[in-house]
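# Fold and geometry: a report
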Amino acid sequence: MSMNDKNSKSKEPGTDMASVRMKPNRVRDVIEKIVETIFLICALASVISVIAIIVFVFWKGLAPFVGDNAYSVWAFLTGTKWDPGNEVFGISYMIIGSVYATIGAILFGVPIGILTAVFIAEIAPKSLVRIVKPAIELLAGIPSVIYGAFGVGIIVPFVNAISPRPQGESMLAVICVLTVMILPTIINLTEASIRAVPKSYREASYGLGASKTQTIFQAVVPAAKSGILSATVLGIGRAIGETMAVMMIAGNPIGGIPTSIFDKIRPMTSNISMEMGYASGMHQEMLFATGVVLFLFIMIVNITLIKITNKVGDKG
Amino acid sequence: MSSRKLKDGILQGLIYLSAAFTVMILVVILGFVLYKGLPGVNTRFLTRMWDSKTTFIKVDKLETPGTGKGEGYVPSLGITIALDKDKKVEITGMDSNSPLKEAINLKGDPYQVKKEDLITKADIKVFEKVSVKDAVKVLEDAKSPIKLKVVRPGGGIVPMLVSTIYIILLSLIIAAPIGILSAIYLNEYAKPGKVLNLIRFAIQNLAGIPSIIYGLFGMLVFVQMLQMQYSILAGSLTLSIILLPTIISTTEEALKAIPQTYRQSSLGLGATKLQTNYKVVLPNALPGILVAIILSIGRIVGESAALMWTAGTVAQIPGALTGNEAGAATLTTKLYWIIKESGDLNSACSVAVVLLVLIIVLNMISKQITKRFLASKGR
């Protein structure tokens, strides 16, 4: 009898618990929904920021080309003189300067970067890797103004010594500094790609009788191609967008298409940064217009990069 | 066979050469910066304000002249003076009862004169190219109260250090919550589809925009349109947009590294998604979030192009968030400004030395955390 009582007692709380569990907690659900929406809004902050940046830069930058006092887009893009005082705004020589400097930096930076990455990933003994890897991390972390100081203090006098021109500020100086600045980017990504190449590739190559060097350059590096390509594209983006370091060593003339590496150049970034402090009216709008052109270049670089990484993702 | 060996040898040589070149460049840069900058890094550099400050003060002579010895001792003021390396009269010693500690400036406010301040004028006598003896005599003979022109020397980086810290704090307060919450959404809540792709595309683009364009945007929107003037708030707002991609991707990595079993066991115990996130997922992601924050601090410390046109280049401790008192140059901004304005590579490199030390320390901290984080993940 007492056993039955106990059993029935234990059953009742059980039934109560069931009804408690089944009742939905409305307040908690609402809070969950609200919080999820807050998370979503935060994530959308990035989207809003990108849109805002594009809208404002393009709005201010395209303004001088529409309306009554419209400046000709053609004259802007192909003009070879920049003279705000006389309302002459031509940025062709700046575009060429930026492009040439970037090409130069890539020509030197990518080979050195790939070879160094090969060194770290394939050849170097652990003791050397312990020296070289932190060195590259440090290089990656140095602010660009310090590269600029380095450029002013060492590169410019050096170029001055070998240059037929009377000054050291030149495309060559910019190329030198930009090469050093993109090295860490290229090295890190290339090294990661090389490490990601499966061991079987190397073993297959050795099995066929190839030497270590042959294996590296004919089996491993080609397999890491897309990573190296991404690294190069990132390097291009960094080189074109670099402002502070190049501003101090480029020379920044007011006109003239560069014809030799010893010529002064005026990259688009320097143009914007140099005059931003005091420009107003159409002058300021023209600086934004320079920003628009720069932005378009970067967009092309970005989209290329995204396309490459997506292709890699598809290949799996 | 030998041509193969030759080719191999050349390639290997090139490889070693490239690696050596890379390391050598770092050594050259560090060496240059240290060589030019280290001599200038001393306690004065680290503790003074940047601009020198000139004040006119009035001070009463002591009724009972102080007792002290030495050629430069001024009994009526209780100080010792000497000539500094520029042959200016510098206060090298101050008695505890010196009236100069309670001098008043021309507005009637108290101004405490300190050691290492320079005296450039006493009543009508300009202290230029005087000997210590003459200076002492002038001060002794002068009638109380003496009118002195006191210069507090500058050349220090205190305002830049403080500004940098303010901007770091402000930017992180704005960017960290948004970034972390975004990462949680992207990793825990988002379903594959158009919205997700749009957000990821936006983040990748933000990461690739050069900082000068951020500077343009920040100057247009925050400084001019919203009328914040050159201020730390404008700078921080601009910086927080720059930081978003870094914080989001690093936090996402940390979230991805947490095994699904953690979440599943929490949900299995009856917790809601929100409870799971803030009680289980977030605490485990903390080391990764910490790394994200340190990476961001590194980015802020090194950023110059965007800050220059939003926070300005005035070397002062900002007194407000916006408006005229809020302009502040950080270490990097000032470095650039020094080179541009005066071409003084030595001072610039001294600032660079401080910057490099900061960055190396941040690097090491971040590595330590990653090591411990990975170690605990193994468990």
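All values derive from a computational prediction rather than experimental measurement.

What follows is about the overall build of chain A. Summing up its helical and strand segments, chain A has 13 helices and 2 strands in all. Relative to the globule expectation of 20 Å for 316 residues, the C-alpha radius of gyration of chain A, 29 Å, shows a markedly less compact shape. The C-alpha extent of chain A, read off along each of the three principal axes, is 115 × 70 × 35 Å. Counting over 316 residues, chain A shows a buried share of 51%. Taken together, the 25 basic and 19 acidic charged side chains of chain A have centroids lying 10 Å from each other.

What follows is about a nonpolar patch on the surface. A surface patch of nonpolar side chains, amounting to about 560 Å² of accessible area, comprises M49(B), I165(B), Y166(B), L169(B), I173(B) and I317(B). Relative to the elements of secondary structure, I173(B) occurs in helix 4 (residues 158–189).

Right, let's talk about the confidence of the model for chain B for a bit. Taken over all residues, the pLDDT of chain B has a mean of 86, while the share at 70 or more is 98%. Across the interface, the model reports ipTM at 0.84; the global pTM reads 0.85.

A few words now on the interface of chain B and chain A. At the interface, 71 residues of chain B touch 72 residues of chain A. Both sides together, the interface formed by chain B and chain A hides about 6,800 Å², and carbon and sulfur atoms give 81% of it. For the pair chain B and chain A, the interface holds 1 salt bridge. When the shortest N-O distance is used, the salt bridge between K367(B) and E137(A) registers 3.2 Å. A per-element tally of the side of chain B that touches chain A places helix 1 (residues 2–37) of chain B first, with 19 residues. Each residue belonging to the side of chain B that touches chain A can be placed in one class, and the counts come to 52 nonpolar, 15 polar and 4 charged.

Moving on, we get to the confidence of the model for chain A. Per-residue pLDDT for chain A averages 84, and the proportion of residues at 70 or more is 91%. When pLDDT is averaged over each element of chain A, helix 7 (residues 171–196) of chain A comes out on top at 92 and helix 1 (residues 2–22) of chain A at the bottom at 52.

All right, on to the side chain of R48(B) then. All names here are of chain B. Locating R48 in the fold gives a position in the loop between helix 2 (43–47) and strand 1 (53–59). Here E116 takes part through its side chain, which lies 2.8 Å from a polar atom of the side chain of R48. If we ignore the near neighbours within four places in the chain, the residues touching R48 are E116, P153, G154, G156, I157, V158 and P159.

Counting residues in each nonpolar core, the largest one holds 178 residues, and the members touching the most others are I53(A), F76(A), W82(A), I146(A), Y147(A), M286(A) and L335(B). By residue number, the principal contributor to this core is helix 4 (residues 92–123) of chain A, which donates 16 residues. The contacts of F76(A), once residues within four sequence positions are left out, are F65(A), Y71(A), W82(A), F89(A), G90(A), I91(A), S92(A), M286(A), A289(A), T290(A) and V293(A). Membership of the second largest hydrophobic core comes to 25 residues, among which are F127(B), L139(B), A142(B) and L148(B).

On to the environment of F89(A). All names here are of chain A. Within the fold, F89 resides in strand 2 (residues 88–89). The class of F89 is buried, set by a relative accessible area of 1%. Remark: the alpha-carbon pair of F89 and T78, spanning 11 residues in sequence, is separated by 9.5 Å. Not counting chain neighbours up to four residues away, the residues in contact with F89 comprise Y71, A75, F76, K81, W82, P84, M282, H283 and M286.

Moving on: the packing of aromatic side chains. In the structure shown here, the tally under the stated rule is 11 aromatic pairs over all chains. For the ring pair F39(A) and Y189(B), a centre distance of 5.5 Å and an interplane angle of 65 degrees mean the geometry is edge-to-face. Here the residue F39(A) occupies a position in helix 2 (residues 26–62), and Y189(B) occupies one in helix 4, the pair thus bridging two chains. Each member of the pair, F39(A) together with Y189(B), is buried. Aromatic side chains Y71(A) and F89(A) sit 5.7 Å apart centroid to centroid with 65 degrees between the ring planes, which places their arrangement in the edge-to-face category. With a gap of 18 residues between them, Y71(A) in the loop between helix 2 and helix 3 (73–78) and F89(A) in strand 2 connect regions that are remote in the sequence. An aromatic cluster of at least three residues, connected via ring pairs, comprises F56(A), W59(A), F217(B) and F222(B).

So, about the pairing of strand 3 (residues 79–83) of chain B. All names here are of chain B. In this structure, strand 2 (residues 73–74) lies alongside strand 3, joined through 2 bridges in antiparallel fashion. By the bridge assignment, V74 is partnered in strand 3 with I79. With antiparallel pairing between neighbouring strands as the criterion, strand 2 and strand 3 make up a hairpin whose turn holds 4 residues, including G78 at a positive phi of roughly 70 degrees. Bridging between strand 3 and strand 4 (residues 89–94) involves 5 bridges; their strand directions are antiparallel.

Across a regular strand the side chains alternate sides, sitting on one face of the sheet and then on the other. All names here are of chain B. Of the pairings in the sheet, the one linking strand 1 to strand 9 (residues 146–152) comprises 7 bridges and is antiparallel in character. Among the inter-strand pairings, K58 is bridged to a residue of strand 9, identified as K147. Sheet topology places strand 7 (residues 118–122) next to strand 9; 4 bridges connect them, and they run antiparallel. Among the inter-strand pairings, K121 is bridged to a residue of strand 9, identified as K149.

Calculation notes
- Residues numbered from 1 in each chain as written.
- Chains lettered and ligands numbered in written order.
- Predicted model: local features only at pLDDT ≥ 70, side-chain atom pairs only at ≥ 80, totals over all residues.
- Heavy atoms only, no water.
- Helix = DSSP H or I, 4+ residues; strand = E, 2+ residues; numbered from the N terminus.
- Rg over C-alpha atoms; globule rule 2.2 N^0.38 Å.
- Buried < 20%, exposed > 50% of the residue type's maximum accessible area, 1.4 Å probe, protein only.
- Lys, Arg positive; Asp, Glu negative; His and termini not counted.
- Charge placed at Lys NZ, Arg CZ, Asp CG, Glu CD.
- Patch = residues over 30% accessible without salt bridge, like charges linked within 9 Å, V, L, I, M, F, W, Y side chains within 5 Å.
- Areas by Shrake-Rupley, 256 points an atom, 1.4 Å probe, with all protein chains shown as cover.
- Salt bridge = Lys/Arg side-chain N within 4 Å of Asp/Glu carboxyl O.
- pLDDT = per-residue confidence, 0-100.
- Contact = heavy atoms within 4.5 Å.
- Buried area = accessible area lost by both parts, 1.4 Å probe.
- Nonpolar A, V, L, I, M, F, W, Y, C, P; charged D, E, K, R; others polar.
- Polar contact = N/O pair within 3.5 Å; in protein donor to acceptor, adjacent residues only side chain to side chain.
- Core = buried A, V, L, I, M, F, W, Y, C linked by side-chain atoms within 4.5 Å.
- Phe/Tyr/Trp six-rings, centres within 6.5 Å; stacked < 30°, edge-to-face > 60°.
- Pairing = 2+ DSSP bridges.

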